[in-house]
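Report on the structure
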Amino acid sequence: MKMPIIAPSILSADFLEIGAAVESIESSGAEWLHLDVMDGHFVPPITFGNKMVSDIRKRTGLFLDTHLMIEEPERHIHAFLDAGSDAITFHAEACIHSHRLLQTIRHSGKKAGISIVPSTPVSQILPLLQAVDQVLVMTVNPGYGGQKLLPFCLSKVDELRDIRKKEGLDFLIAVDGGTNLSTISQVAIHEPDILVIGSAFFAAQDKQAFACSIRSAWNE
Ligand code: DX5
Ligand code: ZN
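Attention here is on the structure that accompanies the text. By convention here, each chain's residues receive numbers from 1 onward along its written sequence. Starting at A for chains and at 1 for ligands, labels are handed out in the order in which the entities are written. Per-residue local features are limited, in this predicted model, to residues with pLDDT of at least 70; the limit for side-chain atom pairs, both in listing and counting, is 80 or more; totals at the level of whole chains, interfaces and linings are taken over all residues. With hydrogens and water stripped out, all remaining heavy atoms of the structure feed into the side-chain values.

**Side note on the site of ligand 1**
Around ligand 1, the structure places 20 residues, and the nearest of them are Asp-36, Gly-143, Gly-146, Asp-176 and Ser-199. Pairs of N or O atoms within 3.5 Å make up the polar contacts considered here, provided that, within protein, one atom can donate a hydrogen while the other can accept it, and that residues adjacent in sequence are counted only when both atoms are side-chain atoms. Between ligand 1 and Ser-9, the relevant distance is 3.1 Å, taken from an oxygen atom to a side-chain nitrogen or oxygen of the residue. Within the backbone of Gly-146, a nitrogen or oxygen atom sits 2.7 Å from an oxygen atom of ligand 1. For ligand 1, the protein covers 100% of the area, taking 380 Å² as the surface of the free molecule. Secondary structure is summarised from DSSP: a helix means a run of H or I of at least four residues, a strand means a run of E of at least two, and numbering begins at the N terminus for each. For the shell around ligand 1, the secondary structure elements donating two or more residues are strand 2 (32-38), strand 3 (63-69) and strand 8 (194-197). By residue number, the principal contributor to the shell around ligand 1 is strand 2, which donates three residues. One heavy atom suffices: a residue is near a molecule or strand as soon as one of its heavy atoms comes within 4 Å of it. Every accessible area reported is derived by Shrake-Rupley at a probe size of 1.4 Å, with residue values counting cover from the shown protein chains alone.

**Side note on the packing of helix 1 (residues 18-28) against helix 8 (residues 207-216)**
To get an axis, a line is fitted to the C-alpha atoms, and for a helix only the part in contact is used. The angle between two axes follows their N-to-C directions and goes from 0 to 180 degrees. It is at 8 Å that the axes of helix 1 and helix 8 come closest, and there the two elements cross at 50°. Considering the angle they form, helix 1 stands oblique to helix 8. Between helix 1 and helix 8 lies a crossing whose hand is right-handed. Taking contact as the criterion, the partners of Ser-24, Ser-27 and Ser-28 in helix 1 are, on helix 8, Lys-207, Gln-208 and Ala-211. Under this scheme an angle from 65 to 115 degrees is roughly perpendicular, one under 35 degrees roughly parallel, and one over 145 degrees roughly antiparallel; angles in between are oblique. Here a crossing is called left-handed whenever its near helix is offset anticlockwise from the far helix by less than a right angle, and right-handed whenever the offset is clockwise. By definition, residues are in contact when any of their heavy atoms lie within 4.5 Å.

**Some details on the coordination of the zinc ion (ligand 2)**
Protein ligation of the zinc ion (ligand 2) involves His-34 (NE2), Asp-36 (OD), His-67 (ND1) and Asp-176 (OD), the donor distances falling in the range 2.0 to 2.3 Å. Linear spacing of the donor residues for the zinc ion (ligand 2) on their chain is H-x1-D-x30-H-x108-D. You can see His-34 sitting in strand 2 and its partner His-67 sitting in strand 3, a full 33 residues away along the chain. We note that His-34, like His-67, is buried. Sodium, potassium and calcium take a 3.2 Å donor cutoff, other metals 2.8 Å, and in both cases only N, O and S atoms count; water is not among them, so sites may look incomplete. The cut-offs for exposure are 20% and 50% of the maximum accessible area for each residue type, with area from a 1.4 Å probe on protein chains only; residues under the lower value are buried, those over the upper are exposed, and the others partly exposed.

**Some remarks on the nonpolar core**
By convention a nonpolar core is built from buried Ala, Val, Leu, Ile, Met, Phe, Trp, Tyr and Cys residues, the set being connected through side-chain atoms within 4.5 Å. Ile-10, Leu-33, Ile-56, Leu-129 and Val-135 are the most contacted members of the largest nonpolar core, which totals 65 residues. The leading source of residues in this core is helix 1, at four residues. Excluding its chain neighbours within four sequence positions, the residues that come into contact with Ile-10 are Phe-15, Ile-18, Ile-25, Leu-33, His-34, Leu-35, Phe-48, Met-52, Ile-56 and Phe-202.

Given below as C-alpha cells:
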C-alpha cells in the first residue's frame, strides 16, 4: 500500500517560533508543510497571509501546500503564487469561477487543489476533477485546529477514488482535520494520499516517532 504524504499544518505551531516549527517538520520526515490561510469571512478566524508563505519559502525546501479558506480567492491568487506556494487549494464554496481559477494556478506551473467543506457533496465538484491536482476533503468544519473528526466525511475519499479510477484521472486525495493517533486507523481504511495534521503533530514530543506511528497505520 502506498504510504500517505504527511502535511503538518503550522496553524497549530507557536507563531512566535515559526522557524523552529518549520525545522521540526523537516526533521520529522514529513514531506509537505500545510499553510492554513483564513480571512475572517469564509471562516471566522484570521490567520496569516502571503508574507508568511514567502518567509517560510526562504527557509525550507519542503513542498508548501497552501489552503486558502478565504472568500473570492481569485483576488489573492497571484500573491500566493508569487509567495512560492507549490500547491494552492481553494474552496469550491468560495468561488464562482472555480474552473478558471484552477487553470490560472496550473498555468503558473503550480499544483491546483479544490476543497469541500463537510456539507458539500463530491457531486458538486465533478466537473472540476479533470482540472485538479488534488482534492482536499475537509473532515472538520474549517476554521480551527483541534476539532473532532467528522467520520461521515470519509466516504467522500472512497467516492473520489472510485471516480479517479473510472475516469482514468490522477489527482491526489487529501483529508484535513481531526486526524490523530486515536483516529488514524479509522482514516487509514479510506487510504487518502495526503494527511493534513495540525494539533496532534505539534502536541507530539517526538515528531519523528509520531510520523512513524501515523505511517504504521497503513500497514495494519
Ligand atoms: C482547519 C484547517 C486544518 C487544521 C487541522 O480549518 O484547515 O488544516 O490545521 O488541524 P487538526 O489536525 O488539529 O484538526
Ligand atoms: Zn487546512
